[in-house]
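Structural overview
For reference, the chains in residue letters:
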Amino acid sequence: WWEAGDARSDFNADGFQVGTSINVNTNGELYFYACWKDSSVVNVGNFTGNGLDNRVISGIGFRPTWMILAHDGDRVVHREEDMVGDNSIFFSPHAFFADEIQAFEADGFQVGTSGRVNLAAEVMMYLCLIDSNPSEGGASAAAAVLLTE
């Protein structure tokens, strides 16, 4: 969902199909994926960026504990609830980046001016999760698995 063209996926009744792009379907490469069923602990949506700082995206239905945000043609960033400041990070070993996913709100999240999360006139896509059972790790455990694979 983060790249245009032949990388797009189609969902089937019992799984999904990827395109032919080398970014998602190179012969001999190992790829990892994660899927969540839409429910009261998952919210998937989009908004059109405006480039303004401290922009709140509300209507999620809960305060996220982990989220992913991206738009076509750029790297995916994510944020966990225990990150300090207005930091976000890529799904690879990098330093934290400020002014991206800045905070989690009671009914959504706040983004900054970074083009990776709030590029003016671009459609930004997000996946928000909330821990439905924190004693078993919930969304934070899922994030840890994705980051260490």
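Residues numbered from 1 in each chain as written. Predicted model: local features only at pLDDT ≥ 70, side-chain atom pairs only at ≥ 80, totals over all residues. Heavy atoms only, no water.

What to know about the packing of aromatic side chains
- With the rule as written, the count across this model stands at four aromatic pairs.
- Both rings, one in phenylalanine 90 and one in phenylalanine 97, keep their centres 4.8 Å apart while their planes meet at 55 degrees; by these two values the pair is tilted.
- With relative accessibility at 25%, the residue phenylalanine 97 sits in the partly exposed group.
- Both rings, one in phenylalanine 109 and one in tyrosine 126, keep their centres 5.1 Å apart while their planes meet at 70 degrees; by these two values the pair is edge-to-face. Here the residue phenylalanine 109 occupies a position in strand E9 (residues 108–111), and tyrosine 126 occupies one in strand E10 (residues 123–129), the gap between them amounting to 17 residues. (Phe/Tyr/Trp six-rings, centres within 6.5 Å; stacked < 30°, edge-to-face > 60°. Buried < 20%, exposed > 50% of the residue type's maximum accessible area, 1.4 Å probe, protein only. Helix = DSSP H or I, 4+ residues; strand = E, 2+ residues; numbered from the N terminus.)

Details of the sheet that holds strand E3 (residues 42–48)
- One open sheet accounts for five strands, arranged E3-E10-E5-E6-E7; its pairing is antiparallel. The sheet is open, and its two edges are formed by E3 and strand E7 (89–90), each paired on a single side.
- Judged from the seven bridges that link them, E3 and E10 form a sheet pairing that is antiparallel. Across the sheet, the residue bridging to asparagine 46 is methionine 125, located in E10. (Pairing = 2+ DSSP bridges.)

Digging into the pairing of E10
- Within E10, six of the seven residues are buried, which leaves the element mostly enclosed by the surrounding structure.
- Pairing of strand E5 (residues 66–70) with E10, which is carried by five bridges, proceeds in the antiparallel orientation. Paired with leucine 69 across the bridge in E10 is tyrosine 126.

Looking at the sheet that holds E9
- Taken together, three strands build an open sheet; the order of strands is E4-E9-E8 and the sheet is antiparallel. The open sheet is flanked by strand E4 (55–58) and strand E8 (101–105), the only strands paired with a single partner. Neighbouring strand axes in the sheet, compared pairwise and without regard to direction, differ in orientation by 25 degrees on average.
- In the sheet, E8 pairs with E9 via four bridges, with the strands oriented antiparallel. (Axes fitted to C-alpha atoms, helices over the stretch in contact; angles between N-to-C directions.)

Overview of the confidence of the model for the chain
- Model confidence for the chain is summarised by a mean pLDDT of 81, while 81% of its residues fall at 70 or above.
- The secondary-structure element of the chain with the lowest mean pLDDT is helix H2 (residues 138–148), recorded at 44, while E4 shows the highest, at 97.
- Low pLDDT, under 50, characterises residues 138–149; the stretch is placed with 23 contacts to residues that sit more than four places away or in other chains. (pLDDT = per-residue confidence, 0-100. Contact = heavy atoms within 4.5 Å.)

A word on the pattern of salt bridges
- Summed over the entire model, instances satisfying the criterion amount to one salt bridge.
- Measuring nitrogen to oxygen at the nearest pair gives 2.5 Å for the salt bridge that ties arginine 116 to glutamate 100. Here glutamate 100 lies in the loop between E7 and E8 and arginine 116 lies in helix H1 (residues 115–118), a separation of 16 residues in the sequence.
- A relative accessible area of 1% means that glutamate 100 is categorised as buried. (Salt bridge = Lys/Arg side-chain N within 4 Å of Asp/Glu carboxyl O.)

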